[in-house]
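Commentary on secondary and tertiary structure
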Amino acid sequence: MKSDVKNIKLASKGKIRIEWAERQMPVLRSIKKRFSKTKPLKGVNIASCLHVTTETANLMITLKAGGANAVLCASNPLSTQDDVAASLVKDFGIPVFAICGEDNKTYYKHINAALSNKPDITMDDGADLVSTIHTSKTGKLPIGGTEETTTGVIRLKSMAKNKVLKYPIISVNDADTKHLFDNRYGTGQSTVDGIVRATNVLLAGKTIVVCGYGWCGRGFAMRARGMGAIVVVVEVDPVKGIEAVMDGFQVMTIAKAARIGDIFCTLTGDIHVIRPEHFKVMKDSAIVCNSGHFNVEIDIKGLKKMTKKKRIIRDFIEEYTLKSGKRINILADGRLINLAAAEGHPPSVMDMSFANQSLSAEYLARNASKMENKVYCVPEEIDSSIAKMKLRMMGMEIDKLTPEQEKYLNSWQMGT
Ligand code: ADE
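Described in the following lines is the structure provided in the data block.

Calculation notes
Residues numbered from 1 in each chain as written. Predicted model: local features only at pLDDT ≥ 70, side-chain atom pairs only at ≥ 80, totals over all residues. Heavy atoms only, no water. Helix = DSSP H or I, 4+ residues; strand = E, 2+ residues; numbered from the N terminus. Rg over C-alpha atoms; globule rule 2.2 N^0.38 Å. Buried < 20%, exposed > 50% of the residue type's maximum accessible area, 1.4 Å probe, protein only. Contact = heavy atoms within 4.5 Å. Areas by Shrake-Rupley, 256 points an atom, 1.4 Å probe, with all protein chains shown as cover. Lys, Arg positive; Asp, Glu negative; His and termini not counted. Charge placed at Lys NZ, Arg CZ, Asp CG, Glu CD. Axes fitted to C-alpha atoms, helices over the stretch in contact; angles between N-to-C directions. Left-handed = near helix turned anticlockwise from the far one by under 90°. Nonpolar A, V, L, I, M, F, W, Y, C, P; charged D, E, K, R; others polar. Near = heavy atom within 4 Å. Polar contact = N/O pair within 3.5 Å; in protein donor to acceptor, adjacent residues only side chain to side chain. Salt bridge = Lys/Arg side-chain N within 4 Å of Asp/Glu carboxyl O. Pairing = 2+ DSSP bridges. Right-handed = clockwise from strand over helix to strand, strands pointing away.

A separate point is the overall build of the chain. When helices and strands are counted, the chain shows 17 helices and 15 strands. Relative to the 2.2 N^0.38 estimate, which gives 22 Å for 416 residues, the radius of gyration of the chain is 22 Å and therefore close to what a compact globule would have. Viewed in the frame of its principal axes, the chain has a C-alpha envelope of about 70 × 65 × 45 Å. Taking all 416 residues of the chain together, 54% fall into the buried category. Restricting to contacts in the chain with at least 6 residues of sequence separation, those with at least 24 account for 70%. Taken as a whole, the chain presents about 19,300 Å² of accessible surface, with 55% of it coming from carbon and sulfur. Side chains of the chain give 59 positive and 44 negative charges; the mean places of these two sets differ by 4 Å.

See the structure below:
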């Protein structure tokens, strides 16, 4: 299968970086070792639509080791690491369709190229493969698929609810060993990393407005506080609002927060969280970015309408001068800052996410024929086996219940 990458000569740089990430992915490494021997994915065609990073490269290599015919396309036009794409093609013989900065048309051309692999399994981050399959005339349907992210899972659950989902999906995002770590610690660190790399601003003493207090939002809020920022949380869910207050953050509406923030970051999964009426009251030179999956959380079209002048300040910073003279800085055109300006989540957290992906693919290869066209959780045994492996690989030990403790927990008759 022919690939489409930026420059195959970048492969040697990509290969070393892939190997560096692999050192910090011990769980995936041990799965790869088992897959190489037992080949549970022998002859299975897998189309993956994921961020093309060093961590994803290690997942693709693991799938191939398991016998899969795996191909990869990008799940975001700005997150592709071109050296990694080149190395996957040249050094590992894995077809890749992804070029950093590709336009929308090329992005979809690449999705269709990955689908021409006639996948038995789709592996999505944002549900673009599934939605393309469901909106175009395709021949044979996949037997199953996996989904990596909250936004994709929301889309897929709505398809299942409306009874239009044509094949079973495993929501990797719902595994404890995924969202509790990747969404929280991964997004927390990589969003700080993306903002700092894009702007080189000091976070200490800045007021940072975090829109959304799901696992990603709380991870970022926690890490921003750790850098010395004054953190304000914006929420629509009252329970999450209370949690944010009791976690020690100020909670207010975006209308109020807009007036006091120095840096704004959306992590909600929803549309137009920051709108023209908010830009209007922001401080001069406010920085606005998004770390949610799609570039819809900031109303950039609305901002353009109130802008008289625009210029690029440096990579990833576009300054909009409003008719009032005020300047608003949008980072990475509203695309997810942690993958556009930084490298996404570090390998040791993607280790668990991609262990879930590879073991879910193995599960689908064995069990998809018995599954319904629904969104499933990762089986509990897989989730807990990953937790056990990760803990062991980190050199940590936990206790076992004594028989007496076990009995106590299982018996309503035993008193105090
Ligand atoms: N999503 C967030 N961080 C990522 C990474 N490093 N690789 C692949 N997908 C990601």
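Having seen the model, we can carry on.
This paragraph deals with the packing of helix H8 (residues 176-199) against helix H15 (residues 347-367). The N-to-C vectors of H8 and H15 enclose an angle of 145 degrees; their axes lie 9 Å apart at closest approach. As H8 packs across H15, the resulting crossing turns out to be left-handed. Of H15, the residues touching H8 (which contributes Thr-177, Lys-178, Phe-181, Asp-182 and Gly-186) are Val-349, Met-350, Met-352, Ser-353 and Asn-356. Looking at the contact of H8 with H15 residue by residue, the classes come out as four nonpolar, four polar and two charged.

Quick look at the site of the ligand now. The environment of the ligand is made up of His-51, Thr-53, Glu-55, Thr-56, Leu-339, Glu-343, Gly-344, His-345, Met-350 and Phe-354. Between the ligand and Glu-343 there is a distance of 3.5 Å, counted from a nitrogen atom to a backbone nitrogen or oxygen. In isolation the ligand exposes 260 Å². Once the protein is present, 95% of that is buried. Contributing elements (two or more residues each) for the shell around the ligand: helix H3 (54-65) and H15. Along the lines of polarity and charge, the residues of the shell around the ligand split into three nonpolar, five polar and two charged.

Although it is not a glycine, His-272 sits at a positive phi angle of roughly 45 degrees. The backbone of Ser-285 sits at a positive phi, close to 75 degrees, despite the residue not being glycine. You can see Ser-285 is positioned in the loop between helix H12 (276-281) and strand S11 (286-290). A relative accessible area of 33% means that Ser-285 is categorised as partly exposed.

This part is about the pattern of salt bridges. This model, assessed by the stated rule, comprises 19 salt bridges. Between Lys-283 and Asp-262 there is a salt bridge, with its nearest N and O atoms 2.8 Å apart. Taken together, the residues Lys-283 in the loop between H12 and S11 and Asp-262 in the loop between helix H11 (254-260) and strand S10 (263-266) connect sequence positions 21 residues apart. Given the relative accessible area of 35%, Lys-283 is considered partly exposed. Under the relative-accessibility criterion, Asp-262 is labelled buried at 19%.

The sheet built from eight strands is open, its strands ordered S9-S8-S7-S10-S11-S14-S13-S12 with mixed pairing. The outermost strands of the open sheet, each flanked by one partner alone, are strand S9 (250-251) and strand S12 (307-314). In this sheet, S9 lies alongside strand S8 (residues 230-234) in parallel orientation, the contact comprising two bridges. The residue bridging Val-233 from the neighbouring strand is Val-251, located in S9.

Burial of S8 is extensive: four of the five residues sit out of reach of the surface. Here strand S7 (residues 207-211) runs beside S8; their pairing, made up of five bridges, is parallel. In the strand pairing of S8, Ile-208 is matched with Val-231. In this view, the connection linking S7 to its parallel neighbour S8 by way of helix H9 (residues 215-226) has right-handed handedness.

Let us look at the environment of Thr-191. Take Thr-191: it is sitting in helix H8. A residue is classified by how much of its surface remains accessible, and Thr-191, at 0% relative accessible area, is buried. Each C-alpha atom of the pair Thr-191 and Glu-343 lies 9.7 Å from the other, and the pair is 152 residues apart in sequence. Not counting chain neighbours up to four residues away, the residues in contact with Thr-191 comprise Phe-220, Cys-265, Leu-267, Ser-291, Ile-337 and Asn-338. A polar atom in the side chain of Thr-191 sits 2.9 Å from the side chain of Ser-291.

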